[in-house]
Amino acid sequence: MARELGAQIHRLRKRVRTAIAVKWAFVGLSAGLFAAAAGIAFGGRWWALLWEVSPATVTIVGAAGGMLAAILASLLVRLDEFAVCRTLERHSDLKDRLSSAVWAANTAHPQRTILARDALESLQSVDIARAIPLVHQRYWRLPVAATLVLIVAIALPSLSVLHSPLKKQEQAAIRQQGSQLRKVAARINKEPQADRQLAERLDKLGRQLQSGRLSPTDAHVKLNKMSDSLLKKSEKLAQANAAIGASMVPQRYAEAKEYLAQEAASRLRAERAAATSAGDGRHVKDEATLSSGSGMPAKGSFPRATHGSGNGQDIEIPSEMVERLAQLYGMKDFQEANKLLAEMRRRLGLKPSPATQEDVSQYLNALAKALENANMQQIAQHYKKVVEALNSMDWRAAQKALDAAQRAGDKLGSLMEIQALEMEAAAICSGQLPGRNEYGSTDREARGRKGTGNARDGGRIPGASHLDKDWAKLYAPRATQTQKVPARASSLINKNGQMKRVEVESAPEPGARASVPYYEVYPQYRDAAEKALSREDVPLSERKRVQEYFDALR
Amino acid sequence: MSIEQRAEEFRETFSALREEIGRVVVGQTETIDGALSCLATGGHALLEGAPGLGKTLLVRSLAEAVSCSFSRIQFTPDLMPADVTGTNIVADTPAGREFRFQPGPVFGNIILADEINRATPKTQSALLEAMQEQAVTVGGERRPLPSPFLVLATQNPIEMEGTYPLPEAQLDRFMLKLLVPFPTQAQMGAILERTTTGEEPAVKPVVTGERIVQMQETVREIALADHVRDYLLRIVMATHPESELAPAEVRHYVRYGASPRGAQALALSAKVRALLDGRFNVATQDVEESSAQALRHRLILNFEAEAEQISADMIVEMAVRAAQPDEKLPV
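On a predicted model such as this, the values are computed, not experimentally measured, just so you know.

(A) The arrangement of the overall build of chain A in detail. Along its length, chain A carries 21 helices and two strands. Buried residues in chain A amount to 42% of all 554 residues. Sequence-distant contacts, at least 24 apart, represent 70% of the contacts inside chain A between residues at least 6 apart. When the accessible surface of chain A is split by element, carbon and sulfur atoms take 55% of a total near 30400 Å².

(B) Focus on the packing of aromatic side chains. Residue and element names in this part refer to chain B. Tallied over the entire structure, the rule returns six aromatic pairs over all chains. Here Phe10 and Phe14 contribute two aromatic rings whose centre-to-centre distance is 5.9 Å and whose plane-to-plane angle is 25 degrees, an arrangement assigned as stacked. Note that Phe10 and Phe14 are positioned in helix H1 (residues 3–22) at a spacing of four residues, about one turn of the helix. An identical accessibility class is assigned to Phe10 and Phe14; each is buried. Aromatic pair Phe101 and Phe107: ring centres 5.5 Å apart, planes at 70 degrees, arrangement edge-to-face.

(C) Here's a closer look at the interface of chain A and chain B. Across the boundary between the two partners, chain A contributes 29 residues, which contact 24 residues of chain B. The contact between chain A and chain B buries some 2200 Å² in all, and 58% of this surface belongs to carbon and sulfur atoms. For the chain A face of the interface with chain B, the top three residues by lost area are A:Arg90, A:Lys95 and A:Trp103, together amounting to 25%. The tally of links from chain A across to chain B stands at two salt bridges. Inspection of the region where chain A meets chain B yields 10 residue pairs in polar contact (both at pLDDT 80 or more). Here the side of chain A that touches chain B gets six residues from one element, more than from any other, and that element is helix H4 (residues 81–90) of chain A. For the side of chain A that touches chain B, the residue count by class is 14 nonpolar, six polar and nine charged.

(D) Focus on H1(B). In this model H1(B) runs 28 Å from its N-terminal to its C-terminal C-alpha over 20 residues, within 8% of the 28 Å that 1.5 Å per residue would give. If you check which residues of H1(B) are buried, you get B:Ile3, B:Ala7, B:Phe10, B:Arg11, B:Thr13, B:Phe14, B:Leu17, B:Glu20 and B:Ile21.

(E) Region of the structure containing the sheet that holds strand S1 (residues 45–48) of chain B. Residues and elements named next belong to chain B. Reading across the sheet, the five strands line up as S3-S6-S9-S1-S10 and stay open at both edges, with parallel pairing between neighbours. Taken across any chain shown, the strands that pair with only one partner, and hence form the sheet edges, are strand S3 (70–74) and strand S10 (176–179). Here the strands of the sheet are splayed against their neighbours by 20 degrees on average, with no regard to which way each runs. As defined by bridge partners, S1 adjoins strand S9 (residues 150–155) across four bridges and the pair is classed as parallel. Residue pairing for S9: Ala45 is matched across the bridge by Leu152.

(F) Geometry of the packing of helix H13 (residues 319–330) of chain A against helix H14 (residues 334–349) of chain A. Residues and elements named next belong to chain A. At a closest axis distance of 8 Å, the pairing of H13 and H14 adopts a crossing angle of 155 degrees. Taken together, the axis directions place H13 and H14 in an arrangement best described as roughly antiparallel. The way H13 lies across H14 gives a crossing that is left-handed. Contacts between H13 and H14 involve Met321, Val322, Arg324, Leu325, Leu328 and Tyr329 on the former and, on the latter, Phe334, Glu336, Ala337, Leu340, Leu341, Glu343, Met344 and Arg347. Here the contact of H13 with H14 is built from residues that sort into 10 nonpolar, no polar and four charged.

About the criteria used
- Residues numbered from 1 in each chain as written.
- Chains lettered and ligands numbered in written order.
- Predicted model: local features only at pLDDT ≥ 70, side-chain atom pairs only at ≥ 80, totals over all residues.
- Heavy atoms only, no water.
- Helix = DSSP H or I, 4+ residues; strand = E, 2+ residues; numbered from the N terminus.
- Buried < 20%, exposed > 50% of the residue type's maximum accessible area, 1.4 Å probe, protein only.
- Contact = heavy atoms within 4.5 Å.
- Areas by Shrake-Rupley, 256 points an atom, 1.4 Å probe, with all protein chains shown as cover.
- Phe/Tyr/Trp six-rings, centres within 6.5 Å; stacked < 30°, edge-to-face > 60°.
- Buried area = accessible area lost by both parts, 1.4 Å probe.
- Salt bridge = Lys/Arg side-chain N within 4 Å of Asp/Glu carboxyl O.
- Polar contact = N/O pair within 3.5 Å; in protein donor to acceptor, adjacent residues only side chain to side chain.
- Nonpolar A, V, L, I, M, F, W, Y, C, P; charged D, E, K, R; others polar.
- Expected span 1.5 Å × (residues − 1).
- Pairing = 2+ DSSP bridges.
- Axes fitted to C-alpha atoms, helices over the stretch in contact; angles between N-to-C directions.
- Parallel < 35°, antiparallel > 145°, perpendicular 65-115°, else oblique.
- Left-handed = near helix turned anticlockwise from the far one by under 90°.

If you want it as C-alpha cells, here you go:
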C-alpha cells in the first residue's frame, strides 16, 4: 500500500514540476517580452546596446532568455512529497487525505494502512490533469499583455498620425542619411587598410538612423559628433597629405632628372679629361648626350657612358614611361601607376640591354629622389632598391623591388581612398536636415524663440545672406562672459550628448549687445498697431494718420 | 471490529439521532449537529438563542433519543449549588438515623441546564467540577457521575437584567457554544404545522448510553496529521493578542485568547466532522468549520471591540485567515 502510494506521489511530483515549469515559462516569456518592450521603447536613451540590434532580435532574445531562466528556476524549486500532496489537495476535494496518509506512513501511525487505502481510493476519483493543469487559460493573459505592450513600443513611435509633416520629412532625411552612411561604411570596409572600428561606428550610426527610432534631435547630436570626429581625423590626414605633397612629384622628377643629368655629364667630362691627361688612349663615348655640340647633354637627358655593344636585347623602357609614372603619382592615380609598373616589370623580365638598363636606372633614380622630396619615402625606398638592382644587373631583384613599390603605392592609394570616403561620410553627417539649420534648431523653433520677436517671416531664411548673418549674430553658438565655452540659447547639448532645450527669456548680459533684426520686430509692431487702430478709442479721423505713420516706418 | 466498521456505525448512529431529533425540531441542523458532536466526544454545549427558538426542545429531544437518564435544571437566582449537585440528608433507616446522600439532578447522563445565566455564579460554579471531571464532591466525598455525561446549557442573550454572565472558567468548560438561529419562514411554517395540528411527533430512543461511549472512543481514533494539528494550534495562538501570529485586529480587540481547552475542543469537533464526512483523517477544512463553535466563547474581547460591535466570530475568522499555512507551491 505504501509503495503504491509512493508511486502515485512520484507521478504527482513530476506533474507538479512540469506544471511549475510551464507556469514559470509563461511568466518568464512575459517578463522577457516586457523587458524587450522596455528596451525598445527606452533603448535610445538608456539601453542603447539593446536596440542597436533589431527589435526582433531583442524580442526573441528577451522572450527566450526569460523562458529559459524561468524553466531553470523552476527546476530549483524544492518539491517534497508532502508539498506535492498539499498542492493536489488544494486543487481537489481530497481534504488532506493524501498528506495525512503520507504523514501517517512516516510516523508509523496505527491507522496508516487505512489512511493510505482511503487516500489511494480517493485519488482514483481525482482528475489530476484537471486539478493540476499544465496550462491555465489565465496564463495567457500576461504574454498577451506583454505582446501588446511590445507592439505598442515598436509601432507607436512610427505611427504616421503622431508626427507632423515636418517631423516626417526630418525622419525621412535621417533615414536617408543613415542609408548613405551605411553605404560609405561598406565601401570603407572593402579597403584593405580600412579603419574597421570607424567603419563599424559609421555602420552602427547608419543603422540607428535607418531604424527611425531616433528623435531628430538625438540624430542631429549623433551626426554632429560623428561629423566632428571625422573632420578632426581628416584634418590630421590633410596635414599629413600636405607634407606628402604628391602633386609635386612630376615637378620634383623633372628637377631631379635635370640635376642628375648635369651631374652625370660633369662626371663624364671629368672622366674624359682624366683619360686624356693620362694619355692612356682610353676612349669615352658620348654619342648621344654630348652631340649637341655645346659639350653639354640635352636638357633632362643622361649622357651615356661607354659600354660594350649590348649583349642583351635592346628592350625599350623610354623615359616617357617613367615620366608618365611620375605624373600618375602626382595625380594619386595609383591604379594606373600600377599598370605602368606591371608593364615595366614585364620588360625588365626580358633582360634589357645594359644601355637600356643604365637609362632606366637613371630615370628611376630621379623618380626615387622626386618621391623622396615629396615625402613619399615609403615608395621612394623601393625605387632606390630597383636602381640598385639595375646597377648590379640583377633583373629579378629589380622586379621584386618594383613589386614592393607597387604594393606601397596600393597602400597609399587605399589610405587616400579611405580618407576620401571619410570625408564623404563627414559630408553626409554634416548635411543639413530639412527644416533644420546648422545649429540644430528648426526654423519653427527659431521663430518661436522668446525675446526675439514673433516674425511671420522671421527665423533663418536659407539663401538670404544678411539674414544668415543676423541669425548667426543672435543665435549662433558663442562664448559669453559667464559661459566661456561656446553655447547657444536653445538646444544646448548636455554632457551626455543629449539636447537640452532651454528657452532664454532674460535681459542681455551686462556689456553684451542685444539686437533683434528689424524683420523680426516689425510684424509685432504692425500687429500691435493694427490692434490699436481697430480699437474704438482711436478717433476715426486720426486712424488714417496713425496708419500712415506705421506705413512710413516700413 | 475494525475502525472502518466503527466509523460506519458512528455515522449511522449519528444520522439516526439527527433524524430522530429532526422529527421534532425543525431546521437548526447546525445546532443539532453541534449538540450531537458534544455527545459523541464527551463535551458539553452551551446553546445561546432568543426565547422560543427551541433550545430546550432540542435538548429534550436529544435526551429522549438517547435511552439514558435525563435531568433538567431550571436555573433561577435562588437556585443553590446543593440543588444541582445533591446533598446529604438525614434519613430514618432501620439502623437508626443516618446521613444519606441525596443525588442532585446533575447525576444524570444528559443534563439540561436551562437559562444557566439566571443562577448566581456560586450555583453556576457547582457545575464546574461535574463538567470537567465528571464527578462531584459533596460533604468531602467525591462521587463520580454516570457515563455518558453531557451538559447542555441554554442562555438567553437578550434579557440581560437579573442575569449573571457565565464566568470565563465556566465558559471554558463548554466544548462548543452553539448559536440557535431564528428559523426561516418555511421552517416556521413547518413548526406551525407540527405543533398546531393533530398530535405532536414524539421522539423515540434510538441509541443507548453504551453506544455513545463507543462513539466517543471512535472519534479519538481519527488521525490528526501534524500539518493539520499545527494549523489548528496556529488558529488558537492567533487568538492571543500577544502572539506573533495574531493579526492586527486580534491585537486591537482581544483581551484574552482561547485556552488549551479550546484547542482540544476544536480538534475533537473537527474529528467528528471528519468521521461524518467518511474520512479517517482530520482536514484543515474541518478545523476551519469547527473553529467558530469551539472558540467563540473562549475569547474575551475588550471594550473597543464591544464599542465597535466586533463579535467573537469575526475575531475567529480573522485568526483563521492569519493562521493559513504558507506552503503553497507556485502551481
